Amino acid sequence: MNKKFSAARNFVLSAALVAAGLGSAHAEDKVKVGLMLPYTGTYAALGNAITNGFKQFVEENGGKLGGREVEYFTVDDESNPAKATENAKKLVSREKVDVLVGTVHSGVALAMAKVARDTKTLMIIPNAGANDLTGPLCSPYVFRSSFSAWQPSYAMGEALAKKGVKNVATVTWKYSFGEESVAGFKEAFEKGGGKVVKEMTLPFPNVEFQPFLTEIASAKPDAVFVFFAGAGAAKFVSDYAAAGLKSSIPLYGPGFLTDGNLAAMGGAGEGLLTTLHYADGLTNAKDAAFRTKYAQTYKMQPDVYAVQGYDAAQMYEAGLKAAGGDPAKQEEVIKGMASATIDSPRGAFTLSKAHNPVQDIYMRQVKGDQNVVVEVVSKGLEDPARGCKL
Amino acid sequence: MNVQASLILKLLVVALLACVPLTGESFYIEIVGKILVMAIFAMSLDLLVGFTGLVSFGHAAYFGIAAYAVAILSPQYEAASLWYVLPASIGLSALAAFVIGLFVLRTKGIYFIMVTLAFAQMAYFIFHDTPLGGGSDGMYLNNKPSAAIFGWEPFDLTNEVHMFYFILVMMVLVYLFLTRILQSPFGRALVGIKSNEHRMQSLGYFTFRYKLGAFTLAGALGGLAGFLYAVLFGFVTPELLSWHESGNVLLMVILGGMGNLPGVIAGAFAFEAMREVFADLTKYWQLLMGGVIVAVVLFLPGGLAGIPGRIKRAMQGGDAK
Amino acid sequence: MDFATFLIQTLNSLQYGLLLFLVASGLTLVFGIMGIINLAHGSFYMIGAYLAFVLTSATGSLVMAIALGIPLALAFGAFLEWALFAHLYKRDHLEQVLLTYGLILIFEQLRSLLVGDDVHGVAIPAFLDASIQLTDVMSYPVYRLAISAVCIVLAIALYYVIQRTRLGMMIRAGNDDRTMVEALGININMIYRVVFALGVALAALAGMLAAPISSVFPNMGSHVLIISFVIVVIGGIGSVWGALVAALIVGFADTFGKVLIPELSGIVVYVVMAVVLLWRPEGILKKG
């Protein structure tokens, strides 16, 4: 990188620091939280759940983070990567937020992470699972309160291999999250002695699954592993059951297959086993309190997305506490977050060097409208963070 | 408006734009920079829609191809030379437009709209489904191209102010270039094709060649916009090629008033400003946006450029009574 | 691929193609007869699916929901034509594209305000909730076959209406030459209103029928919109028969594309469209 650049950047940075200094001279300023989440479009429900979770923690914390009042700046990212950089910049350079929280869509999160890195802004990802975010693109400024695509799928691969399943066919959308999930599954499953006999993909967001069901019926693998989420997941599970395959060839997948979709499947999901870092029927006290409060406040049951939003706030609180409540002391905030143990409704977790949760992965089974925990299949699973140099 | 007044107005606008970096607010420098990029993009489409009468509903493809070209052609850890990636990206977009033009220009009317859309979708899926450009997640442009020529660096694109002026100069150049083109025999032939293609043919024009020329040129200029976008933001995604983006740029064109370059630039500003203001105003901004679009189509057929004329007519009407 | 699998894939192709036909038929009518490009057609599909969800929850039966939903959709279509589309006939295509693009935004946001953003399921009517065993492990849901049957019946009915009735004659005449029809003293505006309402109702019906198997979710209209356009263009604008043939072609291309060339399955249908247009720039069956 040339000198001119660093000189210019230093100038900009020092200007920013001066500005920040002036800001804190006004003393006990509010903490500025930038929420960049989908509030319209396909993922709107997830964006709302994350926001609810985040705000619930702040409420429980006396309306404050790090002892300061919280001021929210909200941007609807529309799950549109084409507008992502601009939206993130709006929060960072115009609103001068202390922390950027977002988002659901991986492509949008990647654009945000670039802004966070370039502007040295703290960022907490409350969902997007792209491995790269805490892999080759990892950064001291970027944290994740959710999961990497690798985690739940790897755990499922291990579990199926242990069960003695030999041949598995996979189906997913042809996009990064799906392909990373299948890769994580395959890695663990083949390490454990199984074999992925058929890998099938279809263009996102196509939901005409019938051709694949026919292929599965003809190949007759021991089991099928799929990654789908949202409406596509509901449709796949319904179609799979309607084709009569559910009784003969068991279906597995990361928990996104069933989370938030059970009502839409209308019973077709009953009995399915999925892996995720959260489940219904956990027995820790934190979860019970979280769920009661959430149900009271928002008149609906919380889901994994609400938990991830809640934990994003918890992580930031831990960082601020370590920095004596001053968001401007960014290095200390980062240290505090990186070394914190987060008492999450999902069970306590710590953060890996790459800032991804090191967490238990649960095997869950669909019972009625719940994903009930069966067991912990992988204790303290850490994403390998390949390509991360932190 | 007489010629002189209009020239002064245009110079004023450029001068005003040139003052934007003086604010020192990096957000505004970047957002205005982005709008200028979109203005270039909209002008390139106006060449087709407004002047040649070809309603392309897949113009985002050329924008996206050039944007991806910079990201793919730039090495991962160092800056590529601007003097290589700029012509290469524009060239790739122009090539794509030329090849696609050979096919789509065989069709007319609604078919033309739909076929341009289909080809843009193909380009979208190529970037979305293959590892070529990072798949659905898109890819970073880690280092902005360097403008150095034999060690001498006239300007530095990593500097946001330099970047802004680079974009502004490009926009002015594109404007002047298109104005010039439209006054040339080639440009007059295009306008002739728009008003009556059969007549042009009977006058001995090979209209297909003219249309292909316009289509390629529009693709190249759209590519320039895409190139600038990628360098400005350092991130490209398949969504840049989606039909929504093609729709948005059409909207800028019609908002500004087809066949009117300064109007189209104003259209780009109005469109982006509307999105900003509405999104800040309410969670339900899409409702407002949709409402405005419907209203513009129903009540403002000439776009923004038609407003002065309307006011004039209204005032004259008032005087007469 | 063994022969049994091939046969089942053929069945899948037919079934998918017929469902696509249902969405595309309304679009091609509006397109061809009124000369209107309607991007909001996908929204009518979405509205139909949500109607099915809301009305099924209210009445407890999808059949009831459809019976109530069709008149609602017809009325809605007639209203839209009167309020908005009637002003567009003399305008160019670009303005139609934009107006209907604006409508998509409005419809999606209203959907979000009224029904929320969650994914919903719609129960299959009990008398169709069964399946036929095809191979030792695979069976075929009766509901899917029922949808195909409805689509075939509708295709025949549409063909009959257009070719054999007085209304159809006027529609065909309007498709060919608007001024001529007007000169004959036929109220073309009334015809347009009927056709548009019919188009909306067909799209909504497609959404209602598809709701139980596709589930009901935000932005579902945009998924079918582009593919419907492809079908209309391949089939020839305005041709119901062409839309049927094209929908089946797309059904086959998509199904076998996914299985045989998964790497390129995203672009298969667009390649088919490009090839058809090179061969016949006005679609396979221009006019209907």
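In what follows, the structure referred to is the one given above.
The present account deals with the structure reproduced in this document. Owing to the predicted nature of the structure, the values given are computational and were not obtained by experimental measurement.

With respect to the overall build of chain C
Thinking step 1. When you go through chain C residue by residue, the secondary structure sums to 11 helices and 2 strands.
Thinking step 2. Mapped from its N terminus to its C terminus, chain C presents α and β elements in the order α-α-α-α-β-β-α-α-α-α-α-α-α.
Thinking step 3. What you see for chain C is a C-alpha radius of gyration of 19 Å, in line with the 19 Å of a compact globule of 288 residues.
Thinking step 4. Taking the principal axes of its C-alpha atoms as reference, chain C extends roughly 65 × 50 × 35 Å.
Thinking step 5. Put simply, chain C has 288 residues, and 57% of those count as buried.

Let's talk about the environment of Pro141(C)
Thinking step 1. If you trace the backbone, Pro141(C) turns up in strand β2 (residues 139-141).
Thinking step 2. Through-space distance from the C-alpha of Pro141(C) to that of Gln15(C) is 11 Å; in sequence the pair is 126 residues apart.
Thinking step 3. Residues within four places of Pro141(C) in sequence aside, it is in contact with Ala242(A) and Ser131(C).

Details of the interface of chain A and chain B
Thinking step 1. Chain A puts 26 residues into the contact, and the matching count from chain B is 25 residues.
Thinking step 2. For the side of chain A that touches chain B, the secondary-structure elements that each account for two or more residues are α1 (3-25), α3 (84-94) and α4 (106-119) of chain A.
Thinking step 3. In terms of residues, the side of chain A that touches chain B owes the most to one element, α3(A), which gives 6 residues.
Thinking step 4. When grouped by side-chain class, the residues that make up the side of chain A that touches chain B number 11 nonpolar, 7 polar and 8 charged.

Thoughts on the packing of helix α10 (residues 240-260) of chain C against helix α11 (residues 268-279) of chain C
Residues and elements named next belong to chain C.
Thinking step 1. Two elements in contact, α10 and α11, have axes separated by 9 Å at closest approach and are oriented at 140°. For the element pair α10 / α11, the angle class is oblique. Our pair here, α10 against α11, has a crossing hand that is right-handed. Facing α10, whose interface residues are Ile-249, Val-250, Ala-253, Asp-254 and Gly-257, α11 presents Val-268, Val-269 and Val-272.
Thinking step 2. Of the residues that constitute the contact of α10 with α11, the class distribution is 6 nonpolar, 1 polar and 1 charged.

Describing the environment of Glu78(B)
Thinking step 1. With respect to the helices and strands, Glu78(B) occurs in the loop between α3 (60-73) and α4 (82-104).
Thinking step 2. Along the sequence, Glu78(B) and Asn142(B) sit 64 residues apart, while their C-alpha atoms lie 8.0 Å from each other.

A look at the interface of chain C and chain A
Thinking step 1. Contacts between the two partners involve 33 residues from chain C, matched on the other side by 37 residues from chain A.
Thinking step 2. Broken down by secondary-structure element, the contributors of at least two residues to the side of chain C that touches chain A are α1 (3-34), β2, α8 (188-214) and α10 of chain C.
Thinking step 3. Sorting elements by how many residues they give to the side of chain C that touches chain A places α1(C) first, with 5 residues.
Thinking step 4. Considered class by class, the residues forming the side of chain C that touches chain A number 12 nonpolar, 16 polar and 5 charged.

Some thoughts on the pairing of strand β13 (residues 357-367) of chain A
Residues and elements named next belong to chain A.
Thinking step 1. Burial runs high along β13: 8 of the 11 residues are buried.
Thinking step 2. Hairpin connection of strand β12 (residues 350-351) to β13: 5 residues between the antiparallel strands, including His-355 at a positive phi of 75°.
Thinking step 3. Counted between consecutive antiparallel strands, the loop separating β13 from strand β14 (residues 370-381) contains 2 residues, among which Gly-368 sits at a positive phi close to 60°.

Rules used in this analysis
Residues numbered from 1 in each chain as written. Chains lettered and ligands numbered in written order. Predicted model: local features only at pLDDT ≥ 70, side-chain atom pairs only at ≥ 80, totals over all residues. Helix = DSSP H or I, 4+ residues; strand = E, 2+ residues; numbered from the N terminus. Rg over C-alpha atoms; globule rule 2.2 N^0.38 Å. Buried ≥ 20, exposed ≤ 12 C-beta atoms within 10 Å, placed from the backbone. Contact = placed C-beta atoms within 7 Å. Nonpolar A, V, L, I, M, F, W, Y, C, P; charged D, E, K, R; others polar. Axes fitted to C-alpha atoms, helices over the stretch in contact; angles between N-to-C directions. Parallel < 35°, antiparallel > 145°, perpendicular 65-115°, else oblique. Left-handed = near helix turned anticlockwise from the far one by under 90°. Pairing = 2+ DSSP bridges.

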